[in-house]
Amino acid sequence: MYQQLREDFARDGVVVVRGLFKDWIEPLREAVAYNLNNPGPLFKNYTPQQTTGRFLGDYCNWSNNPGYSAFIRQSPGAQLARELMGSQRVRIFHEHMLVKEAGNNKPTPWHHDAPYYCVKAQQSLSLWLPLDPVARDSSVEFVGGSHRWGKLFRPRKFTGVDYDHDAAQLETMPDIEGHREDYRILGWDLEPGDAIAFDYLTVHGAPGNRSSEHSRRVISTRWLGDQAQYVDRGGETSPPYPHLSGVLKTGDPLPQSEFPFINV
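Residues numbered from 1 in each chain as written. Predicted model: local features only at pLDDT ≥ 70, side-chain atom pairs only at ≥ 80, totals over all residues. Heavy atoms only, no water.

## Re the packing of helix α1 (residues 2-12) against helix α4 (residues 77-85)
How two helices sit against one another is set out by the angle between their axes and by the gap between those axes.
Then, number 1: Here α1 crosses α4 at 60°, and the two axes come no closer than 8 Å. The angle between α1 and α4 places the two elements in the oblique class. Along this stretch, α1 crosses α4, giving a crossing that reads as right-handed. Residue-level contacts link Y2, L5, R6 and F9 of α1 to Q79, L80, E83 and L84 of α4. (Axes fitted to C-alpha atoms, helices over the stretch in contact; angles between N-to-C directions. Helix = DSSP H or I, 4+ residues; strand = E, 2+ residues; numbered from the N terminus. Parallel < 35°, antiparallel > 145°, perpendicular 65-115°, else oblique. Left-handed = near helix turned anticlockwise from the far one by under 90°. Contact = heavy atoms within 4.5 Å.)

Given below as structure tokens:
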């Protein structure tokens, strides 16, 4: 199983994994319901003017949400991440809940995750796990091989505003949506239990939820390999982790108390 996935992950920066998390769908639905009833300090409503078809997000709650914690520590997610990254050990960076309700038409802009994060890692993986059926035309999409471009693109908030980063190496994201034919765009229809694993550098985006029946509830867990280090991005990061700024400097190891290694 893992050998072909590793080859595909190395080539494309993204793979789909079928059925591995079927036993975790109901527990994670309960964990998301708990999260929505008990939002964390970083909770965001990206559609504040709407009462239906909302786009909601929250993150960094796993230590206070038993359902998220159980998934991180006990599910096949950590083992899958370690195998695909090719690392000796695997550690959790954070979890991210994303909910696009039925009929939401707000796209997630094309971006890649590395410039948002206060971490630099040779080995990285996000695991995008939907808790509802997702049709291909409502699913997250990826530019195959973009993790090998050797570029860092300026991070942009999902509201459409650029982050205030003064970094010369950051480039403007090309107009992928306007020139889709120029890129190898990958995407899949998904059933509960399926997941998509991708590198932090892989460019991706998502349309609105075109389903009139199903919300698109997603738990995305972010994993790190052996040599992850703190990095000062020269401005705001997401998650913000303000308590690390000024305490850590670029190149420092991440504190294991907050980003623990997971036994697999």
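## A short note on helix α2 (residues 25-37)
Then, number 1: With 13 residues, α2 ought to run about 18 Å at 1.5 Å a step, and its terminal C-alpha atoms sit 18 Å apart, in line with that.
Then, number 2: Looking at the packing, one finds that the buried side of α2 touches β3 (55-59), α3 (66-74), β4 (91-100), β7 (124-130) and β14 (216-224). (Expected span 1.5 Å × (residues − 1).)

## Some details on the packing of aromatic side chains
Within a pair of aromatic rings, the relevant descriptors are the distance that separates the centres and the angle that separates the planes.
Then, number 1: Scanning all chains against the criterion turns up 12 aromatic pairs.
Then, number 2: The interplanar angle of 75° and the centroid separation of 5.0 Å between the aromatic rings of Y117 and Y200 together place this pair among those described as edge-to-face. Here Y117, found in the loop between β5 (108-111) and β6 (119-120), pairs with Y200, found in the loop between β12 (195-198) and β13 (204-206); they are 83 residues apart in sequence, far enough to count as distant.
Then, number 3: We classify Y117 as buried; its relative accessible area is 3%.
Then, number 4: Exposure remark for Y200: the relative accessible area of 4% places this residue in the buried category.
Then, number 5: Ring centres 6.4 Å apart and planes at 45° place the aromatic pair F142 and W188 in the tilted group. Of this pair, F142 sits in strand β8 (residues 141-143) while W188 sits in the loop between β11 (185-186) and β12, placing them 46 residues apart in sequence.
Then, number 6: Look at W188 and you get buried, because its relative accessible area is 18%. (Phe/Tyr/Trp six-rings, centres within 6.5 Å; stacked < 30°, edge-to-face > 60°. Buried < 20%, exposed > 50% of the residue type's maximum accessible area, 1.4 Å probe, protein only.)

## Quick look at the nonpolar core
Then, number 1: If you look at the biggest cluster of nonpolar residues, it comprises 33 residues, and the most contacted ones within it are L125, L127 and W223.
Then, number 2: Counting residues in hydrophobic clusters, the runner-up holds 17 residues, among them V16, V134, V140 and L190. (Core = buried A, V, L, I, M, F, W, Y, C linked by side-chain atoms within 4.5 Å.)

## Thoughts on the sheet that holds strand β2 (residues 44-45)
Then, number 1: Ordered in space as β1-β12-β7-β14-β4-β3-β2, the 7 strands form an open sheet in which the pairing is antiparallel. One side of each edge strand has no neighbouring strand; the edge strands of this open sheet are β1 (14-17) and β2.
Then, number 2: Running over the sheet, α1 touches β1, β7 and β12 and is turned about 145° from β1.
Then, number 3: On top of the sheet, α4 reaches β1, β7, β12 and β14; it is set at about 135° to β7, its chief contact. (Pairing = 2+ DSSP bridges.)

## Structural notes on the pattern of salt bridges
Then, number 1: Within the structure shown, the criterion is met by 13 salt bridges.
Then, number 2: Linked through salt bridges whose partners overlap, the residues forming this network are D8, R11, D12 and R184. (Salt bridge = Lys/Arg side-chain N within 4 Å of Asp/Glu carboxyl O.)

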